[in-house]
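Chain by chain, the residues:
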Amino acid sequence: MDAVTASLDVSGLAYAYPDGHQALFGVDLVIGRGERVALLGPNGAGKTTLVLHLNGILTAGSGSVTVAGLPVAREHLAEIRRRVGIVFQDPDDQLFMPSVREDVAFGPAASGLRGPELEARVEKALGQVGMAEYVDRPPHHLSFGQRRRVAVATVLAMEPEILVLDEPSSNLDPASRRELAEILRSLDVTVLMVTHDLPYALEMCPRALVLSEGVIVADGPTAELLCDEGLMRAHRLELPFGFDPRSVDTRS
Amino acid sequence: MGAGHAHRLYRHGHSPVHRLPPHCKLAAVLCFVVVVVSTPREAMWAFALYAVLLGAVAGVARIPAGFLLKRMLIEVPFVAFAVLMPFVAQGERVEVMGVSLSVSGLWGAWNVLAKGTLGVAASVILASTTELRELLLGLQRLKLPPLLVQIASFMIRYGDVITDEMRRMRIARESRGFDSRGIRQWGVLGKSAGALFIRSYERGERVHLAMMSRGYAGSMPVIDEVTASRAQWARALALPLSALAVCLLGWTL
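Residues numbered from 1 in each chain as written. Chains lettered and ligands numbered in written order. Predicted model: local features only at pLDDT ≥ 70, side-chain atom pairs only at ≥ 80, totals over all residues. Heavy atoms only, no water.

- Per an unreviewed UniProt entry, chain B is named Cobalt ECF transporter T component CbiQ, and its organism is Streptomyces gossypii.
- UniProt, in its Subcellular location (unreviewed entry) section for chain B, records the words "Cell membrane". (UniProt positions renumbered as here; feature names shortened; annotations may be inferred.)

Laid out in structure tokens, this is it:
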């Protein structure tokens, strides 16, 4: 996978918050087009800080972020934010418009789409997450799982190069988890999933990265990383009780 | 929490009034109220005519009278003081059933009551035929400052979220044996209000982040364009124009 065709290329990314706390110490990672990659790491590892660099909300202290060949810089922030779709953890933060339709339309409308094209985009995005019939509902009348799916649709409507999901399985019941997994697998888009839900990472992502104390400490097939007990223990990643990654068949 | 799909004030329907573009309706109600307020209070028959006009609109909108009257009860606390005016105002007095009342106070009370009631009735008809988010589109179209429209639309979206948060905090307080009776507990309630404020403020920051991530750059994108034809404007303005005719008559007669 060469750097030009990669969906996401982060190199030497370092960042310190204005109060002096340094969160990232030189992060390097490359994600090829169409890959599904899990970003694992304990609380406070810098996962959210890294995510906020991907669409230019935070600006790198040093190093660079490139999305499908376009560097994240002030002059093309609008295009970067269209290409990088971030689904935040709490759908109530993500869905801020009075109705599902307006929310899904927000991103494409902000980039200048109008009229029937906009309608078609909204319809398609809601169809992809199986929420087409809820188009005129206010978001607060949906269940949590439904809201998470609409949150994914709001980002899909922008036809992003890469979908970044922050803790996509949090607060979901098992049925909603499975539905979301099916939806994500059906999409033809690069996915970076930030999570500490290790079974979900194993189920969804063939490849995983481990971020710990501001650097990438491991990069490889998810099953291999989860079986490496020393690595897991060193970075406060713990498998749920009774879960054995060796017993799971992820080839399907 | 909110009942069903729409707001409690809205009454679902497909009448000609429902179908009018929101900004026409808003403009019509505003003009109507201005006309009513500028009518001389001595022309009592004019107010009766205004009421007939509103009744006709409600009829076209197929709003039952009972529904309308019940919604109009909201006015009661606001006009309570009007009832006091005949008792406390100075000047010439008349005897009504053995009670001495001030003439100017009676006129004042009538003025507040009649104009207030007509204004409230017009607003209730507007609210029951126009969905909240349509109203916002209308305000946007009427060139209300966009910041105000955005604030109003976020209030609609997050009102329920924050009420829910407040409810959870109350349950958490009560689960730990808190009983909110008496002035000594006000400190605790004050701290809860503060915590709620901080939480809402932080949510505001997260929402802003989510908005920026989807290309927000200071103004809301146009998603629905509301437009009105000449005929629709004419139909909406029929109400304030007939009211204006009544008002002019009231001044000349």
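From this point on, the discussion continues.
**Re the interface of chain B and chain A**
Logical step 1: Each partner contributes to the interface: chain B provides 27 residues, whereas chain A provides 33 residues.
Logical step 2: For the pair chain B and chain A, the summed buried area comes to about 2,800 Å², and 58% of that belongs to carbon and sulfur atoms.
Logical step 3: Looking at the side of chain B facing chain A, the largest losses of area belong to R157(B), R214(B) and I223(B), adding up to 32% of the total buried there.
Logical step 4: The interface formed by chain B and chain A contains seven salt bridges.
Logical step 5: Measuring nitrogen to oxygen at the nearest pair gives 2.7 Å for the salt bridge that ties E102(A) to R133(B).
Logical step 6: Among the secondary structure elements, those contributing two or more residues to the side of chain B that touches chain A are α8 (146-175) and α9 (186-213) of chain B.
Logical step 7: Here the side of chain B that touches chain A gets eight residues from one element, more than from any other, and that element is α9(B).
Logical step 8: A class-by-class count of the residues in the side of chain B that touches chain A yields 14 nonpolar, five polar and eight charged. (Contact = heavy atoms within 4.5 Å. Buried area = accessible area lost by both parts, 1.4 Å probe. Salt bridge = Lys/Arg side-chain N within 4 Å of Asp/Glu carboxyl O. Helix = DSSP H or I, 4+ residues; strand = E, 2+ residues; numbered from the N terminus. Nonpolar A, V, L, I, M, F, W, Y, C, P; charged D, E, K, R; others polar.)

**A closer look at the sheet that holds strand β2 (residues 22-31) of chain A**
Residues and elements named next belong to chain A.
Logical step 1: Read from one edge to the other, the open sheet built from four strands follows the order β2-β1-β4-β5, with strand pairing classed as antiparallel. Each of the sheet's edge strands pairs with one partner strand only, and the pair in question is β2 and β5 (70-71).
Logical step 2: Sheet topology note: the strand β1 (residues 8-16)/β2 ladder contains seven bridges and is antiparallel. Residue pairing in the sheet places L8 in a bridge with I31 of β2. (Pairing = 2+ DSSP bridges.)

**Structural notes on the pattern of salt bridges**
Logical step 1: Counting across every chain of the model gives 29 salt bridges over all chains.
Logical step 2: Here D93(A) and R203(B) are joined by a salt bridge, their closest N and O atoms 2.8 Å apart. A residue pair is termed interchain when its members come from two chains, as with D93(A) in helix α3 (residues 91-94) and R203(B) in helix α9. With respect to burial, D93(A) and R203(B) carry one shared label: buried.
Logical step 3: A salt bridge links R203(B) to E165(B); the shortest N-O distance between them is 3.7 Å. Taken together, the positions of R203(B) in helix α9 and E165(B) in helix α8 put the pair 38 residues apart, joining distant regions of the chain. Residue R203(B) shares its accessibility class with E165(B), and that shared class is buried.
Logical step 4: The network of salt bridges with shared partners includes D90(A), D93(A), E165(B), R199(B), R203(B) and R206(B). (Buried < 20%, exposed > 50% of the residue type's maximum accessible area, 1.4 Å probe, protein only.)

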